[in-house]
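Given next are the chains, with one letter for each unit.
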Amino acid sequence: MVTKKVIKMLMLLSVMLLSACDNQKAEFDAIRTKALQNPDPWQAWQQLNAEAEKACPEKQAFPSCSEILKTDYRNLSFSLYRKALKQHSSAALTDLFMRDDPPDELKSQMPALAAELISIAGYSSGDRASAKILAAAAHVLDRGKWVQQDSVRAAAYFARAWLAYDTQAPASLSRLYSEQHDDASAVLWRLRCTGDCDISQAPYGESDSLSPRQILRIQSLAKDRSIITVNGQASWEEK
Amino acid sequence: MKHLLKGGLFALCFLQTLPVMAGNSTSRASFKSSSGYAARSPAYRSSSTGSTPVYKSFNPSAGNSTATGRTDSRSSGLRPSPAVQQSLQSRYGPQPSPQLQTIIREKEASGPGWLGTAGLIWLLSRHDLSSSDREWINNRLREENSSENTSSVIEQSDVSFQWSVPASIINGQSVKIVIAAVHHGKVLLPDCELGDIKSVHENNAAVLNWTPEHTVSAVATCRAEGWVDQRLLAVSQTNVGTR
């Protein structure tokens, strides 16, 4: 008698679970249709992320989605991401180069995508909306992984990002000049790393090779926002 | 009975989750973000606006220097470590007298790095040195001082770039930027560029003729004698001055 009840309960639960799976599949189909109809694949990708998180929350004691459904979401997400890159979305390019490691499927395209990122950033207006792409392009040029390292261009992009209110750009510039042993310029940008700028990203010690008078001179130069590099040590005192 | 029912329910739930857990354990290549299905593997810390991602810098700190392929060469190359300082007796050409060699060996036995500038000066203070030994020590001192100087002073630019930039740069209005470079009083002719524009030379100076269009900023880059100087140019939309 008791065993029969248990079997009935188990069967009922199985039916409920199967029906829940069907609902999830139907929900995914609706989400996919909507995403594919969106003319802006980057926006569709962002919306999909939010919906996938709702449907299959990551942080749960018991996973609520089957692995098949998770794979469906992942595949759709990647397909939208790739579509956005194909459409030269600057947000997608910026996002891609913020990652330490790109998806394996995109690795062969990274040099071409990096060149595209740098080109788009170069023609950006330099307003606040451009801050991220300028900083991403600067890091690509500075890092030299996907394109040949070009510290001069990297510095130009970082400086424009700074003017577009990227708070971390001064620390990046200080580190860049420090690596080039341009201690005066490294100190100049360290001085500009204020507020939310994380100074720990730039190593200390550049000022060791500078005299007190030179350091004071650099402090004065740092107030002029147009100055990126400090040159002409011999003539500092004339200025 | 109750326990049996609970056990059954738990088993069912467990069976349902098994494939998911198995999928996770194989660590399939995922494409997830912090906000959902596109995990961001942050590369650098942003920026201001920073609503979405929190980036980290590509800073080649101790932890990730191999990843970026960069190390701080200042710590490795420029200043000789005391451990590298070997016996001057064997490093330099003509040898001192056997008597001085014995003294040096005895002192060096007390620990590495003894024979630096201070040790040489101490040796000079001895009254029992021959003139040739004194000369040897003085030569070592001169070499020691010159090597210390070259290793601790990093080359700083001695080219001064002089920029003449209009106080206000406005979109749609052409500007003339004049750049001169001076090296120890000698006038140099720098080569400059601003985006696609290259400088022309006028009266021993480089001139950039530029008409900004729909931009907020630009960077002009000049080169002379191997040094690079850059200026950040802020462009305003209207005639109200620059940031």
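A quick note: this is a predicted structure, and the numbers were derived from the prediction, not measured. (Residues numbered from 1 in each chain as written. Chains lettered and ligands numbered in written order. Predicted model: local features only at pLDDT ≥ 70, side-chain atom pairs only at ≥ 80, totals over all residues.)

**Brief notes about the overall build of chain B**
The condition that has to hold: Counting from the N terminus, the helices are the DSSP runs of H or I reaching at least four residues and the strands are the DSSP runs of E reaching at least two. Exposure criterion: with C-beta atoms placed from backbone coordinates, a residue whose C-beta has 20 or more other C-beta atoms within 10 Å is buried, one with 12 or fewer is exposed, and one in between is partly exposed.
Check the secondary structure of chain B and you find seven helices and nine strands. Buried positions account for 23% of the 243 residues belonging to chain B.

**Structural notes on the nonpolar core**
Defined as follows: By convention the nonpolar core is taken to be a set of buried residues drawn from Ala, Val, Leu, Ile, Met, Phe, Trp, Tyr and Cys and joined through C-beta atoms within 7 Å. Residues are defined as contacting one another if the C-beta atoms placed from their backbone atoms lie within 7 Å.
One finds Leu117, Leu134, Ala137, Tyr157, Phe158, Ala159 and Ala161 of chain A to be the most contacted residues of the largest nonpolar core, which totals 80 residues. Apart from residues lying up to four places away in sequence, Ala137 of chain A is in contact with Leu117, Ile118, Ala121 and Tyr157 of chain A.

**Quick word on the sheet that holds strand E4 (residues 191–194) of chain B**
Test applied: Being paired, for any two strands, means DSSP has found at least two bridges between them. Axes, fitted as lines to C-alpha atoms, cover a helix only where it is in contact. Angles between the N-to-C directions of the axes lie from 0 to 180 degrees.
With antiparallel pairing, the four strands of this open sheet are ordered in space as E5-E4-E8-E9 (chain B). Each edge of the open sheet is held by one strand with a lone partner, namely strand E5 (197–198) and strand E9 (227–234) of chain B. Where E4 of chain B and strand E8 (residues 217–224) of chain B come together, four bridges link them in antiparallel fashion. Considered in E8 of chain B, the bridge of Asp191 of chain B is made with Arg223 of chain B. Set on the sheet, helix H7 (residues 151–163) of chain A makes contact with E8 and E9 of chain B; between it and E8 of chain B the angle comes to about 150°.

**Brief notes about the environment of Asn203 of chain B**
Along the chain, the position of Asn203 of chain B falls in the loop between strand E6 (200–202) and strand E7 (205–210). Sequence separation between Asn203 of chain B and Ala180 of chain B is 23 residues, and the spatial gap between their C-alpha atoms is 9.6 Å.

**Topic: the packing of helix H3 (residues 67–86) of chain A against helix H4 (residues 90–98) of chain A**
Residue and element names in this part refer to chain A. Heads up, the condition is: Handedness of a crossing follows from how the near helix is turned relative to the far one, being left-handed for an anticlockwise turn of less than a right angle and right-handed for a clockwise one. Amino acid classes used here: Ala, Val, Leu, Ile, Met, Phe, Trp, Tyr, Cys and Pro are nonpolar; Asp, Glu, Lys and Arg are charged; the rest, including Gly, are polar.
Remark: H3 packs on H4, axes separated minimally by 7 Å, with the N-to-C direction vectors making an angle of 115°. Pair H3 / H4 crosses with left-handed handedness. Two secondary-structure elements touch here, H3 through Tyr81, Ala84 and Leu85 and H4 through Ala92, Leu93 and Leu96. Grouping the amino acids of the contact of H3 with H4 by side-chain chemistry returns six nonpolar, no polar and no charged.

**A look at helix H8 (residues 169–179) of chain A**
Residue and element names in this part refer to chain A. The buried count for H8 comes to ten of eleven residues, which makes it a mostly enclosed element. Taken as a whole, H8 has its buried residues at Ala169, Pro170, Ala171, Ser172, Leu173, Ser174, Arg175, Leu176, Tyr177 and Ser178. Among the structural elements, helix H6 (131–143), H7 and helix H9 (183–192) are those in contact with the buried residues of H8. After H8 finishes, the residue His181 shows a positive phi value of roughly 65°.

**Re H7 of chain A**
Residues and elements named next belong to chain A. Worth spelling out the cut-off: Each residue after the first adds 1.5 Å to the expected span of a helix.
Over its 13 residues, H7 runs 18 Å from end to end, which matches the ideal 18 Å to within 8%, given 1.5 Å per residue. In terms of residue burial, H7 counts as a mostly covered element, since eleven of its 13 residues are buried. Residues of H7 that are buried: Arg153, Ala154, Ala155, Ala156, Tyr157, Phe158, Ala159, Arg160, Ala161, Trp162 and Leu163. Where H7 terminates, the next one or two residues include Tyr165, which has phi positive at roughly 75°.

**Some remarks on the packing of helix H5 (residues 110–122) of chain A against H6 of chain A**
Residue and element names in this part refer to chain A. Note the following rule: Throughout, the term roughly parallel applies to angles under 35 degrees, roughly antiparallel to angles over 145, roughly perpendicular to angles from 65 to 115, and oblique to all others.
At a minimum axis distance of 9 Å, the contact between H5 and H6 shows a crossing angle of 130°. The orientation of H5 relative to H6 falls into the category oblique. In the crossing of H5 with H6, the sense of the turn from one axis to the other is left-handed. Residues Ala114, Leu117, Ile118, Ile120 and Ala121 of H5 touch H6, and the partners they reach there are Ile133, Leu134, Ala136, Ala137, Val140 and Leu141. When its residues are assigned to classes, the contact of H5 with H6 shows eleven nonpolar, no polar and no charged.

**As for the confidence of the model for chain A**
Using the following cut-off: The predictor reports its confidence for every residue as pLDDT, a score running from 0 up to 100.
This prediction gives chain A a mean pLDDT of 87; 86% of its residues lie at or above 70. When pLDDT is averaged over each helix and strand of chain A, the minimum, 74, is found for helix H1 (residues 2–37) of chain A and the maximum, 98, for H7 of chain A.

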